[in-house]
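# A structural walkthrough
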Amino acid sequence: MASKQTIYALFILTGIGFLSLFFLNISLGSVTIPFEEIVTSLTGGQASKSTWEYIIINYRLPKAITAIMVGMGLSISGLLMQTLFRNPLAGPYVLGLSSGASLGVAFVILGAGLMPSFLASILLSSYGIVLASTFGSAVVLLAVLIVAQRLRDTAAILIVGLMFGSFTSAIVSTLTYFSTADQLQKFTFWAMGSLGNLSWNSILILTVAVVVGMGLSLYSIKALNALLLGENYAKSMGLNFNKTRFIIILATSLLAGSITAYAGPIAFIGLAVPHIAKLLFQTSNHQILFWSTLLIGASMMLLCDVISQMPGYETTLPINAVTSLFGAPIVIWLLVRKRR
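First, a word on scope: everything that follows refers to the structure included in this document.

The rules we used
Residues numbered from 1 in each chain as written. Predicted model: local features only at pLDDT ≥ 70, side-chain atom pairs only at ≥ 80, totals over all residues. Heavy atoms only, no water. Phe/Tyr/Trp six-rings, centres within 6.5 Å; stacked < 30°, edge-to-face > 60°. Helix = DSSP H or I, 4+ residues; strand = E, 2+ residues; numbered from the N terminus. Buried < 20%, exposed > 50% of the residue type's maximum accessible area, 1.4 Å probe, protein only. 1 Å grid on protein atoms, 1.4 Å probe; cavity = no way out; pocket = protein on both sides within 12 Å on 5 of 7 lines; lining within 4 Å. Points joined across faces, edges and corners; volume = space filled by probe spheres on them. Nonpolar A, V, L, I, M, F, W, Y, C, P; charged D, E, K, R; others polar.

### Let's talk about the packing of aromatic side chains
- Tallying each qualifying case throughout the model produces 6 aromatic pairs.
- Measuring from centroid to centroid gives 5.2 Å for Phe-23 and Phe-35, while their planes differ by 70 degrees, and the two rings are edge-to-face. Taken as a pair, Phe-23 in helix H1 (residues 4-27) and Phe-35 in helix H2 (residues 35-42) lie far apart in primary sequence, 12 residues in all.
- Consider the rings of Phe-290 and Trp-291, whose centres lie 4.9 Å apart with planes at 85 degrees: the pair is edge-to-face.
- Take Phe-290: its relative accessible area is 5%, and that puts it in the buried class.
- By the ring-pair criterion, three or more aromatic residues cluster together here, those being Phe-22, Phe-23 and Phe-35.

### So, the layout of surface pockets
- The computed volume of the largest pocket comes to approximately 730 Å³.
- Taken together, 28 residues make up the lining of the largest pocket; nearest its centre are Gly-193, Ser-194, Leu-195, Gly-196 and Asn-197.
- When residues of the lining of the largest pocket are traced back to their parent elements, those giving at least two are helix H3 (50-85), helix H6 (126-150), helix H8 (181-191), helix H12 (241-263) and helix H14 (286-309).
- Counting residues per element, the lining of the largest pocket draws most heavily on H6, which supplies 4 residues.
- For the lining of the largest pocket, the residue count by class is 15 nonpolar, 10 polar and 3 charged.

Now the structure itself:
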């Protein structure tokens, strides 16, 4: 385990990296905006060009805040799942929430031809897709929570979550088979994920959901440390395991479900960031891992968003593709380096 001085130094460096990436994210894009102009706009002043101010306030700042919320929420939910199931491959979507959200969106987009035209136009709006995604996640969450109350074995809940995911994926595949090219294109674009096009009201709702989920996670930190040594040890320490498991599943569902609803299913971040935090800080103490995972998750998402914007070009890459292509090699390298 790293010394206190090393941990403090790592937190300072991680914080500086986070702030640097935040400003870099707002600065770079098809139009490069100077740092001093960003500071002026964010502190209530007026930029020297009105177009710069419009881009910052109405496009890049909302996208940067969304990236921070997505990075923090998915990273923390991944940490919760890996600790609860004691499985390094567990991620935020292991309970089938992403598949449930995909099923809700698939019913709206791929099944639009079966609905009356006025209803289809409402459901195909951005708010309609968010509601469909939220409803799909909520249905799967309710089913998982009901099962969790009946099952004592935590590993069985993991299997049930995977089965829910397989079941909903099968329905999505069936809907896909009977869909038109235009419907498939819309659904594919949603599945690629997006951090842009969110209104300030949507960002507020997402932020509230993420903050509540992180509050539940913070409440469970002591329990998470006890769970590192197994369920039996945690119970012998006086831990109410069923209550703790319920809170952890609820927190993960709130984080992963709300993020999927507004940004789509974002890969890699929730699975990999907890590993990066553990390797960097050399600790399994969740009082340290919680905050380090928050900072690293937000920083990684901001960095992936910078890459997806392709600075200097009009083209924007899908964020889901960037997180996987950029992130997976980093995790492989870190794990190989650790083994050496």
